[in-house]
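The lines below spell out each chain.
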Amino acid sequence: MGPVEVIVYGGGNYYRDIFQSVALLAETGGISSLIRLALVLGVILCIVKAVFDFNIGKILKWFLMAYITYGILFVPKVQVHVTDLFDPGLTGADVANVPLGVGMTASLTSRVGHRVIELTETAFGDPEAAQYSNTGMIYGAKVFERLRTARIADPRFEQNMHSFVRGCVYYDILEGHYSAGELARQNDIWNYVTVTRGTNPGRSVEYVNSANVRSIVTCPSAASALNAEWDATLTSSIKLFERRLRPDIAENQLQGAFQNELGSLHPYMLGAARDSKSAFQQVLMANAVRRGVTGFSAEAGGEAMAVMAETHAEVQTRNTQMLLGGVAEKAIVMLKIVVDLLFIGMFPILFPAFLLPGIGPRMVQGYLTGFLYLQLWGPMYVIIHKISM
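Owing to the predicted nature of the structure, the values given are computational and were not obtained by experimental measurement.

Quick notes on the rules
Residues numbered from 1 in each chain as written. Predicted model: local features only at pLDDT ≥ 70, side-chain atom pairs only at ≥ 80, totals over all residues. Heavy atoms only, no water. Helix = DSSP H or I, 4+ residues; strand = E, 2+ residues; numbered from the N terminus. Contact = heavy atoms within 4.5 Å. Areas by Shrake-Rupley, 256 points an atom, 1.4 Å probe, with all protein chains shown as cover. Phe/Tyr/Trp six-rings, centres within 6.5 Å; stacked < 30°, edge-to-face > 60°. Buried < 20%, exposed > 50% of the residue type's maximum accessible area, 1.4 Å probe, protein only. Patch = residues over 30% accessible without salt bridge, like charges linked within 9 Å, V, L, I, M, F, W, Y side chains within 5 Å. Salt bridge = Lys/Arg side-chain N within 4 Å of Asp/Glu carboxyl O. Pairing = 2+ DSSP bridges. Axes fitted to C-alpha atoms, helices over the stretch in contact; angles between N-to-C directions.

Caption draft 1: How the structure looks around the overall build of the protein. Across its full length, the protein carries 17 helices and 5 strands. Long-range pairs, those at least 24 residues apart, make up 71% of the contacts in the protein with a sequence separation of at least 6. Within the structure as shown, the protein displays about 20100 Å² of accessible surface, and the carbon and sulfur contribution to it stands at 62%.

Here's what the structure looks like:
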C-alpha cells in the first residue's frame, strides 16, 4: 500500500511529530502488554457472562470481534504523508509504521473535510487571496488591521518623512490651505499634498540626504527629494511588512505574495480596485500623518501633560485590544488542531480498550465518529472567516 495523505490547515509539524510518536509507541512492548492484558480481561468477562447467561457462543463472538479489530486496525502499518496547506515545504512529512486504524481514518476524514471546505468556499465565491484554505483564518482582516502599524523600512526616509509631515503638512492644515477632513478623504494623500494642493514654499524642514548630510530645504524641495526615493522605499517596506505577516514565505516570494494578496483584497474589502504599491504608499502616508499628531499638538500649544495622558490611554487600550485579538486569533485555530492531535495521539493507549467485550465496539464507533465530527469544524471556520472578513 502506498502512503496515505493527511491534509491539514496549519500545525503540520505537530501532526508529523504526533504520528511519529504513535508509530514509535505502537512498536513498544508496553502496548503489547496492555493488549495481552485486555485479552485476558476479555476472556474472564466473557466466561463470567456466559456462565450467567448460559450462552457459550458469546465467547466465540467476542473472540472473533477482537481478532478482527486487532488484525485490521493495529497490525497493518501504513506510511502517512502530512500535507500542510499553509506550509507546503514541511520537512519530514512522511511517517512510516503508523497503525492502519489511525492512519487511514485520519487520511479519509481529512480528505473529506478538505473537500467540504472547498465546496463551502466555492459557494461563497470569495477571491482566492481571501479564502480560508489559502491564507488561513480571517487573513484579509488581519492584513488590514496590521497595515495600521506598518512602518517605513528605511530609517532615513522615515525621518525625512516625519520632518516633512510635521513641518509642511500640519502647518498647511493650520493655515487653512486644506482641512484635516479633506486630507482624510483623499485616496492619494501624497499626491494631494505635493501636487494637487502643493506645499508652502515659504516653509523649510531639515532633510538628510543619502550621504547622511543634513541640510535645510524648502517644503517643495523636500517633497521632490522624497518623491524620488518612494519606489525603493516601498519595495523594502513591503518586504518588511510581508515578512512580519507571513514569516513562512521565502524571501524571493515576498513581493509577489504581497502584490497578489493586497491587490485582490483591496477591492474585496474596500470596494475599489487599486494596485498594491499605491495602496501601501497610501497606508504609509496615513500612518505617518497619524503618528505625528500628538507630538505636533504639544508643540503647537496643547497642554503637554494632557496630550501625554490621552496618548498613553489610547496606546494602552489599542495594545490591549491587539493582544486579546491576537490571542483569540491563534486560539480559535489551535483548538481544532489540539483536539485533532489528541484523537490521533490517544490511539495506542485506547486500542487495548477496543478489544474488551461490550464496551470495545462502542469505543471504536465513538473514536471513528470523533474524527468525522472534527471535520465539521472546517466549514465552520470558513463561515467564521467569511463573517470576520
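Caption draft 2: Representation of the packing of aromatic side chains. What the rule picks out here adds up to 19 aromatic pairs. Ring centres of Phe-74 and Phe-347 lie 6.5 Å apart, and the angle between their planes is 20 degrees; on these two criteria the pair is classed as stacked. Of this pair, Phe-74 sits in helix α3 (residues 57-74) while Phe-347 sits in helix α15 (residues 347-354), and the two are 273 residues apart along the sequence. With respect to burial, Phe-74 and Phe-347 carry one shared label: buried. Between Phe-347 and Tyr-367 the ring centres are 5.9 Å apart and the planes differ by 45 degrees, which places this aromatic pair in the tilted class. Note that Phe-347 is positioned in helix α15 and Tyr-367 in helix α16 (residues 359-374), a separation of 20 residues in sequence. A relative accessible area of 1% places Phe-347 in the buried class. According to the relative accessible area criterion, Tyr-367 is buried, its value standing at 5%.

Caption draft 3: Inspection of a nonpolar patch on the surface at higher detail. A surface patch of nonpolar side chains, about 650 Å² in accessible area, is lined by Leu-34, Leu-37, Val-40, Leu-41, Ile-44, Val-48 and Phe-52. For Val-48, the location among the structural elements is in helix α2 (residues 29-53).

Caption draft 4: Just the sheet that holds strand β1 (residues 4-8), in detail. Taken in spatial order, the 3 strands make up an open sheet running β1-β2-β3, and their pairing is mixed. This sheet does not close on itself; its edge strands, each paired only once, are β1 and β3 (94-99). Each strand axis lies, on average, 35 degrees off the axis of its neighbour in the sheet, ignoring direction. Pairing analysis gives 5 bridges linking β1 to strand β2 (residues 77-84), with the strands arranged parallel. Residue pairing for β2: Val-6 is matched across the bridge by Val-82. Docked against the sheet, helix α4 (residues 100-124) engages β1, β2 and β3, running at close to 50 degrees with respect to β1.

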